[in-house]
Amino acid sequence: IALVMIFAAVATILLVLGGDEEPNANPSAPGGAGPNGTFSAQFGAPTQPNGQPFQNSSGGSETWVITSACEDGNGKCVASATKVDGALTTPPALVLDEVDGRWEAVNAKEGKCGDGASTEIWESMSLQSQPDGSLEGEFIVRSTDPGCASNRPVTFTRTGDPQDGVSVIDPATL
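Residues numbered from 1 in each chain as written. Predicted model: local features only at pLDDT ≥ 70, side-chain atom pairs only at ≥ 80, totals over all residues. Heavy atoms only, no water.

Asks: Help me out: how do you make sense of the overall build of the protein in this one?
Replies: A tally of regular secondary structure across the protein gives 1 helix and 8 strands. Listing the helices and strands of the protein from first to last along the sequence gives α-β-β-β-β-β-β-β-β. In the protein, buried positions account for 37% of the 174 residues. Long-range contacts, defined here as pairs at least 24 residues apart, represent 51% of the contacts in the protein between residues at least 6 apart. Counting every atom, the protein has about 9,700 Å² of accessible surface; 53% of that belongs to carbon and sulfur. (Helix = DSSP H or I, 4+ residues; strand = E, 2+ residues; numbered from the N terminus. Buried < 20%, exposed > 50% of the residue type's maximum accessible area, 1.4 Å probe, protein only. Contact = heavy atoms within 4.5 Å. Areas by Shrake-Rupley, 256 points an atom, 1.4 Å probe, with all protein chains shown as cover.)

Shown next, in the form of structure tokens:
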């Protein structure tokens, strides 16, 4: 499982940074056409990787501020996101790359699962833009400790302009 997550992270980076990929399937998207604003993220109840539900687990919500930028002419887009509140995901900030029409983010950290020993944990988020401006997808957690693995459906719904006072990295600098 660890090798699969590492391979996925490397493949995502290579796709974004590589210069030989085919042109964007949506060349009419203007620069900055990605997600921008404050978003309410609604997470569904987690399931095990085999689809079986965890007992006594529920979903929850977080608030994120997202800004995006697209390079003119080549369709490469990137977004940066800062978590304002909530505790379902561990990173306080994410970088999302648009790959084949989906917004992809990967985070790695050292952590513990329950009362277990310290282990490396990978979190990934894969989101698809919707016609109404929301983002729908999945939040996936994997680790060398099988007790850390879970899948959660997630929907980011835009609630307004970026909140004042929230520091978000300018995606044009990434």
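Asks: Help me understand the pairing of strand 3 (residues 77-85), please; the structure alone is not making it clear to me.
Replies: On a regular strand, each side chain points to the face opposite its neighbour's, so the side chains alternate between the two faces of the sheet. Counting buried positions along strand 3 yields 7 of 9 residues, so the element is predominantly enclosed. Bridge count for strand 2 (residues 60-70) against strand 3 is 8 bridges, and the pairing is antiparallel. Each bridged residue has a counterpart across the sheet, and for Thr-67 the counterpart in strand 3 is Ser-80. Taken together, the 5 bridges between strand 3 and strand 4 (residues 93-99) define a ladder with antiparallel strand orientation. From the neighbouring strand, Val-78 faces strand 4, where its bridge partner is Asp-97. (Pairing = 2+ DSSP bridges.)

Asks: Where do I start with the sheet that holds strand 8 (residues 150-160) in this structure?
Replies: Backbone hydrogen bonds are what pair the strands of a sheet, in a parallel or an antiparallel way. In space, the 8 strands of this closed barrel follow the order 1-2-3-4-5-6-7-8, with antiparallel pairing throughout. Across this sheet, the average inter-strand angle for adjacent strands is 30°, counted without regard to direction. (Axes fitted to C-alpha atoms, helices over the stretch in contact; angles between N-to-C directions.)

Asks: Got a minute to help me understand the state of the cysteines in this structure?
Replies: Disulfide: a covalent bond connecting the sulfur atoms of a pair of cysteines. Inspection of the entire model under this criterion finds 1 disulfide. Disulfide pairing is shown between Cys-70 and Cys-77; the S-S distance is 2.0 Å. What sets the handedness of the Cys-70 and Cys-77 disulfide is the S-S torsion sign, and at about 110° it is right-handed. Like Cys-70, the residue Cys-77 is buried in the burial classification. (Disulfide = S-S within 2.5 Å.)

Asks: Would you take a moment to explain the nonpolar core for this structure?
Replies: When a protein is soluble and globular, its nonpolar side chains tend to lie buried together. In terms of nonpolar packing, the biggest core is built from 23 residues, with Trp-64, Ile-66, Leu-96, Trp-103, Leu-127 and Phe-156 touching the most fellow members. Every element with two or more residues in this core is listed here: strand 1 (37-43), strand 2, strand 3, strand 4, strand 5 (102-112), strand 6 (118-129), strand 7 (135-143) and strand 8. (Core = buried A, V, L, I, M, F, W, Y, C linked by side-chain atoms within 4.5 Å.)

Asks: Looking at this structure, I do not really get the confidence of the model for the protein. What am I missing?
Replies: Interpreting fine coordinate detail is not advised for predicted regions of low pLDDT. Here the protein averages 81 in pLDDT, and 81% of its residues register 70 or above. Averaged pLDDT values over the elements of the protein bottom out at 40 in helix 1 (residues 2-17) and peak at 97 in strand 1. Low pLDDT, under 50, characterises residues 1-32; the stretch is placed with 27 contacts to residues that sit more than four places away or in other chains. (pLDDT = per-residue confidence, 0-100.)

Asks: I keep staring at a nonpolar patch on the surface and nothing clicks. Help me out?
Replies: On the surface, a nonpolar cluster with roughly 260 Å² of combined accessible area is contributed by Val-95, Ile-169 and Leu-174. On the secondary structure map, Ile-169 appears in the segment after strand 8. (Patch = residues over 30% accessible without salt bridge, like charges linked within 9 Å, V, L, I, M, F, W, Y side chains within 5 Å. Salt bridge = Lys/Arg side-chain N within 4 Å of Asp/Glu carboxyl O.)

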